[in-house]
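# Coordinate analysis (summary)
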Amino acid sequence: MRRVYFDHNATTPLAPQVVQAMMPFLAEEYGNASSIHSVGQRARAGVEQARAQVAALIGAREKEIVFTSGGTEADNLALRGVVGAAERLRKHVITSTIEHHAVLNTCQALEAEGICVTYVPVNPAGLVDPEEVRRALTPDTVLITVMHANNELGTLQPVAEIARIAREHRIPFHTDAVQSAGKIPVDVRALGVDLLSLSAHKIYGPKGVGALYIRGGLPLKPLMFGGHHERDRRPGTENVAGIVGLGAAAELAAAHLDSEGARLAVLRDELEEGILVRVPHAGINGDRHRRTPNTTNVCFDFVEGEALVIALDLKGIACSTGAACSSGAVEPSHVLTAIGLPPERARASLRFSLGRQNTRDDIAHVTEMLPGVVEHLRELSPLYKRPVAATPQ
Ligand SMILES: *Cc1c(COP(=O)(O)O)cnc(C)c1O
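Residue indices begin from 1 for each chain and proceed along its sequence in written order. Only residues with pLDDT of at least 70 are given local features in this predicted model, and only at 80 or more are side-chain atom pairs given and counted; all residues enter the totals for whole chains, interfaces and linings. Calculated side-chain values reflect all of the structure's heavy atoms, with hydrogen atoms and water omitted.

Okay, helix α2 (residues 38–58) next. Each helix corresponds to a stretch of at least 4 residues labelled H or I by DSSP, and each strand to a stretch of at least 2 residues labelled E; elements are numbered beginning at the N terminus. Given the number of residues in a helix, its expected span is that number minus one, multiplied by 1.5 Å. The terminal C-alpha atoms of α2, which comprises 21 residues, lie 30 Å apart, in line with the 30 Å expected from a rise of 1.5 Å per residue. Taken together, the buried positions of α2 are occupied by G40, A43, R44, G46, V47, A50, R51, Q53, V54, A55, L57 and I58. Phi turns positive, to about 70°, at G59, one or two residues after α2. With a 1.4 Å probe rolled over the protein chains alone, any residue whose accessible area is under 20% of its type maximum counts as buried; one over 50% counts as exposed, and the rest are partly exposed.

Here it is, written out as structure tokens:
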């Protein structure tokens, strides 16, 4: 059976070059990067090369990069780090309604601790209005965090505009760039951000490693306490092989950024056209212009998204819904409901996220399989009235 993987926003396979870069550090180069002997120093050299590679991907300085256990920890460190370092009696944070749960649930935890949080809404295209952020400012605001690319829709937020507002008011600004860094050009100085999160496994690196960019001089309280690693910002013996893998993944992404982005945008657009032409009652969610090149989110009316994911999986096609399973019930995606989709349409939506190994043949295969699978599921739906064929006289 032909297998097509269209779930790169969930995770990506390791690039062969990444595996190659990591191998020595999983075997003979086992040193602790803090040891002063040569075994340790070779591990240190691997970590520092990776720091330079990550810094180069986003236009940062090496000492502004802190390695973490992934995008989730980078987001947690950014939010709690800035809020914790702020010396205020009352503290207020501004974010958006469509953030990844790594940010949203950290905000909820902060609320439980007495921090005030404003969740700025998005328009039906999935975009935050920077003026809404400006209106949400209070004298107590200590942090603004708005993601760069959304993981479900791919939509790109006006991060540079929001960063300008933050700078005018001298408020630190964080962006979760897990879905943009390595896919489109990301430059921390051009964007004007103070903190930026990224993750290795979304860009063909290993799982369990990521990085937080922290602008030089920005006060940050660490999440954990221990040794003096990462300039006292993130203690614990470094995950050397993982960090080396992140560095290699960052360098590889940077080398092919424009060509791969252009290639994927063509394939993604072909997939969308193929679906819209062949499947009735299908529509694209979110802004079709301002988004990452690899992502599309499609609503198939009268279909249960989970059922469609399972039916496609049986045909060898991997994609996903944005739904979260909480306490046994399938909750519609918070992102799709935030852009104004009614729950039944949010539940009828699928995300296809393309990647490096996908080809035009994959697109053709999926656009060929989809109409039959969707039609079959619709026949089972009490809501769907099948178009009645003309009866022969
Ligand atoms: C995947 C993802 C994360 C979490 O990163 P992990 O490395 O899996 O912890 C955070 N934000 C966004 C937008 C993501 O897509």
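There's more to say after this.
A few words now on the sheet that holds strand β2 (residues 65–68). When DSSP locates at least two bridges between a pair of strands, those strands are taken to pair. Pairing is mixed across the open sheet formed by seven strands, whose spatial order is β2-β8-β7-β6-β5-β3-β4. Edge strands, defined here as strands with exactly one partner in the open sheet, are β2 and β4 (116–120). Strand-to-strand twist in this sheet, taken as the mean axis angle between neighbours without regard to direction, amounts to 20°. The criterion used for residue contact is that any of the two residues' heavy atoms lie within 4.5 Å. Comment: axis = line fitted to C-alpha atoms, over the contacting stretch for helices; angle = value between 0 and 180 degrees taken between N-to-C directions. Running at roughly 160° to strand β6 (residues 173–176), helix α6 (residues 159–168) makes contact with β5 (141–145) and β6 of the sheet.

The next subject is unusual backbone geometry. Working note: non-glycine residues mostly have negative phi, and peptide bonds are mostly trans. In this structure, R170 is a non-glycine residue whose phi angle is positive, near 55°. Here R170 is to be found in the loop between α6 and β6. Within the chain, D232 stands out as a residue other than glycine whose phi angle is a positive 70°. By the secondary structure assignment, D232 is in helix α8 (residues 229–232).

A few words now on the packing of helix α11 (residues 305–314) against helix α14 (residues 360–379). For the pair α11 and α14, the least separation of the axes is 10 Å and the interaxial angle reads 135°. When the axis of α11 is compared with that of α14, the two are oblique. When the axes of α11 and α14 are compared, the crossing they make is right-handed. Contacts from A307, L308, A311 and L312 in α11 reach L370, V373, V374 and L377 in α14. Residue composition of the contact of α11 with α14, by class: eight nonpolar, no polar and no charged. Note on terminology: angles under 35 degrees are roughly parallel, angles over 145 are roughly antiparallel, angles of 65 to 115 are roughly perpendicular, and the others are oblique. The crossing is said to be left-handed when, going from far helix to near helix, the turn is anticlockwise and less than a right angle, and right-handed when the turn is clockwise. Ten residue types, Ala, Val, Leu, Ile, Met, Phe, Trp, Tyr, Cys and Pro, are classed as nonpolar, four, Asp, Glu, Lys and Arg, as charged, and the remainder, Gly among them, as polar.

Next up on the list: the sheet that holds strand β9 (residues 282–284). Strands sit in the order β9-β10-β14 across an open sheet of three strands; the sheet is antiparallel. This sheet does not close on itself; its edge strands, each paired only once, are β9 and β14 (349–353). Going across the sheet, the axis of each strand differs from the next one's by a mean of 30°, ignoring polarity. When strand β10 (residues 295–300) meets β14, the two strands line up antiparallel, connected through five bridges. Bridging across to β14, C299 finds its partner in S349. Most of the contacts of helix α10 (residues 257–278) go to β10, to which it runs at about 10°, and overall it touches β9, β10 and β14.

Attention shifts here to the site of the ligand. We call a residue near a molecule or strand when any one of its heavy atoms sits within 4 Å of it. In the vicinity of the ligand there are 13 residues, among which T72, D176, Q179, S199 and K202 approach most closely. Polar contacts, as used here, are pairs of N or O atoms within 3.5 Å; protein pairs need one atom able to donate a hydrogen and one able to accept it. Residues neighboring in sequence count only if both atoms are side-chain atoms. Taking T72, its side chain carries an N or O atom lying 2.6 Å from an oxygen atom of the ligand. Method for areas: the Shrake-Rupley scheme with a 1.4 Å probe, in which residue coverage is limited to the protein chains shown. In the complex, the protein chains occlude 88% of the 380 Å² of accessible area that the ligand would expose alone. Among the elements that take part in the shell around the ligand, helix α3 (residues 71–85) stands out by supplying three residues, more than any other. Residue composition of the shell around the ligand, grouped by class: two nonpolar, eight polar and three charged.

Domain assignment breaks the chain into domain 1 (4–11 + 256–379) and domain 2 (16–255). With 27 residues of domain 1 at the contact, the number on the domain 2 side is 34 residues. Taking both sides of the interface into account, the surface hidden between domain 1 and domain 2 amounts to around 2,700 Å²; carbon and sulfur atoms contribute 54%. When two components associate, each loses some accessible surface as probed by a 1.4 Å sphere; the sum of these losses over both components is called the buried area. The largest share of the area that domain 1 buries against domain 2 comes from L257, R290 and R356, three residues that together contribute 25% of it. What makes a salt bridge here is a side-chain nitrogen of Lys or Arg within 4 Å of a carboxyl oxygen of Asp or Glu, nothing more. Summed over the shared surface of domain 1 and domain 2, the number is zero salt bridges. At the level of elements, α10, β10 and α12 (334–338) are the ones that each hand at least two residues to the side of domain 1 that touches domain 2. Looking at which element gives the most residues to the side of domain 1 that touches domain 2, the answer is α12, with four residues. Throughout the structure description, domain borders are defined by an automatic or database domain assignment.

Within the fold, E64 resides in the loop between α2 and β2. Every residue in contact with E64, bar those within four places of it in the chain, is listed here: R189, L212, Y213, I214, R215 and G216.

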